[in-house]
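# Structural description and commentary
Below are the chains, spelled out letter by letter.
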2 protein chains.
Amino acid sequence: MFTARKSDQTRELLLRAAFDEIHRNGFQAASLSKILADTGLTKGALYHHFPNKTALGYAVVDELVTNEITQRWLAPLENQDDPITALRTLLQEAGKSLRPADIMLGCPLNNLAQEMSPVDEGFRERINHIYNVWRGGIAQALMRGQANGTVRTDVHPGETAAFLVAAMEGCMGMAKNAHDPDLLFNCGKSLIGYLESLRVAPKPRVR
Amino acid sequence: MFTARKSDQTRELLLRAAFDEIHRNGFQAASLSKILADTGLTKGALYHHFPNKTALGYAVVDELVTNEITQRWLAPLENQDDPITALRTLLQEAGKSLRPADIMLGCPLNNLAQEMSPVDEGFRERINHIYNVWRGGIAQALMRGQANGTVRTDVHPGETAAFLVAAMEGCMGMAKNAHDPDLLFNCGKSLIGYLESLRVAPKPRVR
DNA sequence: TATGATACATACCGGTTGGTATGTTCACAG
DNA sequence: CTGTGAACATACCAACCGGTATGTATCATA
């Protein structure tokens, strides 16, 4: 019962190899032959599990990418009293955990968004859905922060969440291109500075 | 003397068609055949002016993309006393001038950066050079603003410039994917809010 | 006006791509 | 034990890719 069916395993194998190949070269330049070589499988296996290359790409977005975003950026935000501190922690943890090789490959979601959204509507819809969920999660966290007095009440949760996600992806994109860890660090510092500016100023002590 | 040599004209024609095709599909997916069909030229012309596809892409970056960034984002910043107002104006003008079709294609520089920087070092170096110039121009403007008292002295010009460029590209990328003009508008609002937070607070009137 | 280089056009090539049609193995139900 | 469909493997295909070799017209120059 706990052992996945072998068929599901090879499907997962294909998905992960596709994710890597797409992460490295983008979807359009991703080579099915390369994916098959990496997995040791053949065209027969691939086209048994997926009707075509596009469907494979969709599955990568719907399953792997969606999962990574929600687990890494949304789940830790739920049931948090102080969303600004929580977001700050997430940013700092991400900064520490990212290996240089990961930085140079960039955010898989952003990569796909920039490449595919003008080219394929199916990709665009799926990617946009993830971004909507992402923005929504941050907006809700900000609203909770406003309710319990940790976030300034004059910030617009939706707009701010959109900007935060945009700025994060922008910083990742810069670092990806710059090959300079300091740049990501500096961008992150400014981003955290902006984040902290959303916080309600602590009450001054009466002395 | 004022009429460009015909050879230069066809080279320019190729460059502009290549820019469009790359802007639409990315460099790797850009089809030379499509470029030639658009221009009415043939392989002979293309490979007379450029040794290969990569060199054509490099020329697009070195000439067209560099020019667009400097003219649109850097030249208007020079000799400006109030960099924050100047940047704000640039952002608002860009927001108004961008047609929906342009938004959906994204920033040509960012597109190339995300696609090519992990794949081709030549592209990465060229793109990074443009970004360095861009960041440098904004940083210098911020420093001038600090010197004449329009920008807070506690902001780090370099870090802030890096974050501003990153956030701009991030906002463009979001809007490109969202197909929602409001999103770009909202992101822009937050970005301008951040920009204004860098300004020296006006001296309170003595009443 | 003769000459040679420049500026293209035409035809062709090997390699890779995504996709398909057919074969084969294997697990499992009857 | 047998049959039957799922789960692959193998072989093959047309289309397109970037690139090249060669031919030709045009233009500058002497």
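Residues numbered from 1 in each chain as written. Chains lettered and ligands numbered in written order. Predicted model: local features only at pLDDT ≥ 70, side-chain atom pairs only at ≥ 80, totals over all residues. Heavy atoms only, no water.

## Some thoughts on the protein's contact with DNA strand D
- With respect to spatial proximity, 18 residues lie near DNA strand D, and among them Thr10 and Thr42 of chain A together with Lys43, Tyr47 and Lys53 of chain B are the closest.
- Backbone atoms, meaning sugar and phosphate, form 63% of the atoms of DNA strand D found within 4 Å of the protein.
- With respect to DNA strand D, the backbone of Ala30 of chain B contributes an N or O atom lying 2.9 Å from a phosphate oxygen.
- When contributions to the surface near DNA strand D are tallied by element, the ones reaching two or more residues are α1 (6-25) and α3 (43-49) of chain A together with α2 (32-39) and α3 (43-49) of chain B.
- The element contributing the most residues to the surface near DNA strand D is α3 of chain A, with five residues.
- Of the residues in the surface near DNA strand D, the class split is five nonpolar, nine polar and four charged. (Near = heavy atom within 4 Å. Polar contact = N/O pair within 3.5 Å; in protein donor to acceptor, adjacent residues only side chain to side chain. Helix = DSSP H or I, 4+ residues; strand = E, 2+ residues; numbered from the N terminus. Nonpolar A, V, L, I, M, F, W, Y, C, P; charged D, E, K, R; others polar.)

## Looking at the interface of chain B and chain A
- Contacts between chain B and chain A engage 42 residues on the former and 42 residues on the latter.
- With both sides pooled, the region where chain B packs onto chain A buries about 3300 Å², and carbon together with sulfur makes up 58% of that total.
- Remark: the boundary between chain B and chain A carries two salt bridges.
- Its salt-bridge partner being Glu159 of chain A, residue Lys189 of chain B comes within 2.9 Å of it at the nearest N-O pair.
- If you look at where chain B meets chain A, you find twelve residue pairs in polar contact (both at pLDDT 80 or more).
- Those elements that place two or more of their residues in the side of chain B that touches chain A are α1 (6-25), α6 (100-105), α7 (108-116), α8 (121-147), α9 (157-178) and α10 (181-196) of chain B.
- For the side of chain B that touches chain A, the element with the most residues is α9 of chain B, which contributes 15 residues.
- Across the side of chain B that touches chain A, the residue classes break down as 20 nonpolar, 14 polar and eight charged. (Contact = heavy atoms within 4.5 Å. Buried area = accessible area lost by both parts, 1.4 Å probe. Salt bridge = Lys/Arg side-chain N within 4 Å of Asp/Glu carboxyl O.)

## Details of the packing of aromatic side chains
- Throughout the structure, instances matching the rule amount to eleven aromatic pairs over all chains.
- With a centroid separation of 6.1 Å and 75 degrees between ring planes, the pair formed by Tyr194 of chain A and Tyr194 of chain B is classed as edge-to-face. On the criterion of chain membership, the pair formed by Tyr194 of chain A in helix α10 (residues 181-196) and Tyr194 of chain B in helix α10 is interchain, its members lying in two chains.
- A ring pair is formed by Tyr58 of chain B and Phe123 of chain B, whose centres lie 5.0 Å apart and whose planes are at 70 degrees; its orientation type is edge-to-face. Of the two residues, Tyr58 of chain B is situated in helix α4 (residues 53-74) and Phe123 of chain B in helix α8; the sequence distance between them amounts to 65 residues. (Phe/Tyr/Trp six-rings, centres within 6.5 Å; stacked < 30°, edge-to-face > 60°.)

## Quick look at the relation of the copies chain B and chain A
- Overlaying chain B on chain A yields an RMSD of 0.0 Å, the required transformation being a rotation through 180 degrees with an accompanying axial translation of 0.0 Å. The superposition operator between the copies reduces to a two-fold rotation axis.
- Of all interface residues in chain B, 100% are interface residues in chain A too; the two copies therefore contact each other through one and the same surface. (Least-squares fit on C-alpha atoms with pLDDT ≥ 70 in both.)

## Let's talk about the nonpolar core
- Counting residues in each nonpolar core, the largest one holds 128 residues, and the members touching the most others are Leu109, Trp134 and Ile138 of chain A together with Leu109, Trp134 and Ile138 of chain B.
- Setting aside residues no more than four positions away along its own chain, Trp134 of chain A makes contact with Ile69, Trp73, Leu74, Leu109, Val165, Met168 and Glu169 of chain A. (Core = buried A, V, L, I, M, F, W, Y, C linked by side-chain atoms within 4.5 Å. Buried < 20%, exposed > 50% of the residue type's maximum accessible area, 1.4 Å probe, protein only.)

## Considering the protein's contact with DNA strand C
- Taken together, 18 residues sit near DNA strand C, with Lys43 and Tyr47 of chain A together with Arg5, Thr10 and Thr42 of chain B positioned nearest.
- For DNA strand C, the fraction of protein-proximal atoms (within 4 Å) that sit in sugar or phosphate groups is 63%.
- Here a phosphate oxygen of DNA strand C and a side-chain polar atom of Ser31 of chain A are 3.0 Å apart.
- In this structure, Lys43 of chain A approaches DNA strand C through a side-chain N or O atom, which is 2.6 Å from a base oxygen.
- For the surface near DNA strand C, the leading source of residues is α3 of chain B, giving five residues.
- For the surface near DNA strand C, the class distribution of residues is five nonpolar, nine polar and four charged.

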